[in-house]
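Below, each chain spelled out in residue letters.
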Amino acid sequence: MSNKMFCYQCEETVNGKGCTIEGICGKTHVVANLQDLLIYLAKGISVYANKARELGVNNAEVDLFVIESLFSTVTNVNFDQDRMIELIKKAFYYRDDIKNMFFGAYKAKNANKGFEGKLPDACIWHWDGSVDSLYTKAISVSILSEANEDIRSLRELLVYGLKGIAAYADHAYILGKEDNDILAFVEEGLAATLDNTLGAQELVGLVMKAGEYAVKTMALLDNANTSAYGNPEITQVFTGTKEGPAILVSGHDLLDLEEILKQTQGTGINVYTHGEMLPANAYPKLKKYSNLVGNYGTSWYNQQKEFEAFNGAIVMTTNCLQRPKDSYRDRMFTTGLVAWPQVQHIKDRVGSAQKDFSAVIEKALALGGLEETPGKYITIGFAHVSAIKVAAKIVDAVKSGSIKRFVVMAGCDGRHKERNYFSEVARQLPEDAVILTAGCAKYRYNMLDLGDIGGIPRVIDAGQCNDSYSLVVIAQELAKVFKVKDINELPVSFDIAWYEQKAVCVLLALLYLGVKNIRLGPNLPAFISPAVLKVLVEKFDIKPISTPEKDIEAMLAAK
């Protein structure tokens, strides 16, 4: 435990083993340790929440806090030490709240009995109020505090899947959709990681159950997005710039984007999407805003270069934040759970009121704006409803032999040169192969001129990373049409790029749905121990990517 920190939750972790001095993402060792402590306390809260639920009692505020705590610790979300400490203070408040509710219910139903359960330390550790004691405790509950490598591996795999579920559930909650069963499972899973009686078999069962709930959560978010903004439509999105003041909106939060569009109407400000916000351009109720003019830039890892060149205000709505450069720090804003020290933060909504983006608007107007630049148009909007509308054309193309292979290249992008693999796969696939994509991994190939097959684009973009759900629905519909038992019998190969915990959530969803022969890269997760990897390989035939040439040959040869 001589490390300043230990974190291996993302694909780019140092040397493929773990960050021990500072996070490769930019978080300090202090913030990393505080995040470990926040998760530890969320586990303690979850123990009480589970026990209270068994007695017919639950607390919606506590449930929401648990998923927001998990989301706050996803890679590239919260880098702010002070905000982490505030979350930890809230954790003690909510732990006391749900503890009192549980004991009140227990006493009412068991008046003559004492509480016989032994509570783990995460439920009872008392904070003396000093910051030093927080740091000391945080180090003691590090990931490495579990000595058994395989148990640690399974617990972390479960927690990272839960972090992805929490992120998607929080997005749905913001749009007014929630599912108490999902919230209950998140707390069940967190509490289970404190139970030393659970062995590998039980933890594997919970990991697979997380895959089941990942599917449910992505479906919930799909319903939240489409209920609020309509079903995505096949849309051509401009990637150049227009002359005039500008705001760039990055991240994933569609409601933040909508409120910015509303508040900038009539101001002369052009609003652009960036990164994972690109799919917003396909939603009918967002497309109606004439001040939404297109998409600027590419993936999150290019933001330092792209944000520096963007002479406008920039809003980060969720994760995907990189260390801001001084050249644009004063025109960057964060909101929601995302934060960086000394970067302006837009406060949360109060009741039914919108967030106040006036500071962003003022900054955009003061900067003067962008010059006009040319750009190409890219096609998006192939979520499952739109894709199924053209399913007959796709089926005919498969039956005629015009389409011989679908390659799912969904997931996350990253900065390592190894990810050029995905660009090369796209370039080298034969012209009768179609790429199905969702998430920012598409920026490796969505600007390539890959053409179409009888009017069907060779890159079918379903949307954000959570819209991997749409890709599964599309595959399931094709399975029905071709009358096969499952999607593994279709001419579909899975070549997945991963970076952080939402991608872990998507992977678990695919495993739960029985998808096999997934290629995963650029590197296999550092948190998967050799023994756990052996189980995944034997049961699902997960394999690392190799070279574009070898993998294309293998995918095309598959039945």
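Summarised in this report is the structure supplied together with it.

Here we come to the overall build of the protein chain. Per the secondary structure count, the protein chain includes 20 helices and 16 strands. Taking 2.2 N^0.38 as the reference for a compact globule, 559 residues should give roughly 24 Å; the C-alpha atoms of the protein chain span a radius of gyration of 23 Å, in line with that estimate. The buried share among the 559 residues of the protein chain stands at 60%. In the protein chain, 75% of the contacts between residues at least 6 apart in sequence involve partners at least 24 apart. With an accessible surface of roughly 22100 Å², the protein chain has 50% of that area assigned to carbon and sulfur atoms. Side-chain charges of the protein chain comprise 60 positive and 67 negative groups, with the mean position of each set lying 2 Å from the other.

This part covers the sheet that holds strand β14 (residues 492-497). As summarised here, the arrangement of the six strands in space is β13-β10-β9-β14-β15-β16, forming an open sheet in which the pairing is parallel. Pairing within the sheet leaves two strands with one partner each, and these edge strands are β13 (459-461) and β16 (543-544). For strand β15 (residues 518-521) and β16, the ladder comprises two bridges, and the chain directions are parallel. Across the sheet, residue leucine 520 finds its bridge partner in β16, namely proline 544.

Time to look at the sheet that holds strand β6 (residues 332-335). Pairing within the open sheet is parallel, and its six strands lie in the order β4-β3-β2-β5-β6-β7. Only two strands of the sheet have a single neighbouring strand rather than two, namely β4 (292-295) and β7 (344-346). This sheet shows a mean twist of 30° between the axes of neighbouring strands, independent of strand direction. Pairing analysis gives four bridges linking strand β2 (residues 246-250) to strand β5 (residues 313-316), with the strands arranged parallel. Across the sheet, the residue bridging to serine 250 is methionine 316, located in β5. Of the strands in this sheet, β2, β5, β6 and β7 touch helix α13 (residues 358-367), which is tilted by about 150° from β5.

Let us now look at the pairing of β5. Alternating positions in β5 separate into two faces, Ala313 and Val315 on one and Ile314 and Met316 on the other, with burial throughout. Here β5 runs beside β6; their pairing, made up of three bridges, is parallel. Opposite valine 315, over in β6, you have phenylalanine 333 as the bridge partner.

Moving on: the layout of surface pockets. Its boundaries defined by the atoms lining it, the largest pocket holds a volume of some 820 Å³. In this structure, the largest pocket is lined by 34 residues; those nearest its centre are Leu64, Glu68, Asp170, Leu337 and Asp348. For the lining of the largest pocket, the secondary-structure elements that each account for two or more residues are α2 (60-72), α3 (81-109) and α6 (149-174). Among the elements that take part in the lining of the largest pocket, α2 stands out by supplying nine residues, more than any other. Class assignment for the residues of the lining of the largest pocket results in 13 nonpolar, eight polar and 13 charged. As a volume, the second largest pocket reaches approximately 540 Å³. Taken together, 29 residues line the second largest pocket, and the ones lying closest to its centre are Tyr40, Lys43, Val141, Ser142 and Ser145. Class assignment of the residues belonging to the lining of the second largest pocket gives a composition of 13 nonpolar, seven polar and nine charged.

Our focus in this paragraph is the pairing of strand β8 (residues 377-380). Burial along β8 is one-sided: Ile378 and Ile380 are buried, and none of Tyr377 and Thr379, which face the opposite way, are. As paired strands, strand β1 (residues 235-238) and β8 are joined by four bridges and run antiparallel to one another. Bridge pairing in β8 places valine 237 opposite isoleucine 378.

Within the structure shown, the criterion is met by 12 cavities of 30 Å³ or more. Forming the walls of the largest cavity are 17 residues, and the residues nearest its centre are Ala410, Ser468, Ile496, Val506 and Leu510. Broken down by secondary-structure element, the contributors of at least two residues to the lining of the largest cavity are α17 (468-481), β14 and α18 (501-512). In the lining of the largest cavity, the residues fall into 15 nonpolar, two polar and no charged. Quantified by volume, the second largest cavity comes out at close to 100 Å³. Along its surface, the second largest cavity is lined by 13 residues, and Trp300, Asn319, Cys320, Cys412 and Glu500 are the ones closest to its centre. When grouped by side-chain class, the residues that make up the lining of the second largest cavity number six nonpolar, four polar and three charged.

If you look at the biggest cluster of nonpolar residues, it comprises 182 residues, and the most contacted ones within it are Ile165 and Ile247. Ranked by residue count, the leading element in this core is helix α1 (residues 29-54), at 14 residues. When residues no more than four places from it in sequence are discounted, the contact partners of isoleucine 247 are Ile260, Thr264, Ile269, Asn270, Val271, Tyr272, Phe310, Ala313, Val315, Val360, Ile361 and Ala364. By size, the runner-up hydrophobic cluster in this structure holds 17 residues, among which are Val425, Tyr445, Val459 and Met555.

Each packed pair of helices is defined by two parameters, the angle between the axes and the distance between the axes. Orientation of α1 relative to α3, taken along the N-to-C sense of each, is 15°, at an axis distance of 9 Å. Judged by the angle between their axes, α1 and α3 are roughly parallel. Crossing of α1 over α3 shows left-handed handedness. Partitioning the contact of α1 with α3 into residue classes produces 20 nonpolar, two polar and three charged.

So, on to unusual backbone geometry. In the segment running from glycine 521 into proline 522, the intervening peptide bond is cis, with an omega of 5°. Examined against the element boundaries, proline 522 turns out to sit in the loop between β15 and α19 (530-540). Its identity as a non-glycine residue notwithstanding, glutamine 342 has a phi of 65°, on the positive side. Within the secondary structure, glutamine 342 is located in the loop between β6 and β7. A relative accessible area of 76% means that glutamine 342 is categorised as exposed. The backbone phi angle of asparagine 517 is positive, close to 60°, even though this residue is not glycine.

Rules used in this analysis
Residues numbered from 1 in each chain as written. Predicted model: local features only at pLDDT ≥ 70, side-chain atom pairs only at ≥ 80, totals over all residues. Heavy atoms only, no water. Helix = DSSP H or I, 4+ residues; strand = E, 2+ residues; numbered from the N terminus. Rg over C-alpha atoms; globule rule 2.2 N^0.38 Å. Buried < 20%, exposed > 50% of the residue type's maximum accessible area, 1.4 Å probe, protein only. Contact = heavy atoms within 4.5 Å. Areas by Shrake-Rupley, 256 points an atom, 1.4 Å probe, with all protein chains shown as cover. Lys, Arg positive; Asp, Glu negative; His and termini not counted. Charge placed at Lys NZ, Arg CZ, Asp CG, Glu CD. Pairing = 2+ DSSP bridges. Axes fitted to C-alpha atoms, helices over the stretch in contact; angles between N-to-C directions. 1 Å grid on protein atoms, 1.4 Å probe; cavity = no way out; pocket = protein on both sides within 12 Å on 5 of 7 lines; lining within 4 Å. Points joined across faces, edges and corners; volume = space filled by probe spheres on them. Nonpolar A, V, L, I, M, F, W, Y, C, P; charged D, E, K, R; others polar. Core = buried A, V, L, I, M, F, W, Y, C linked by side-chain atoms within 4.5 Å. Parallel < 35°, antiparallel > 145°, perpendicular 65-115°, else oblique. Left-handed = near helix turned anticlockwise from the far one by under 90°.

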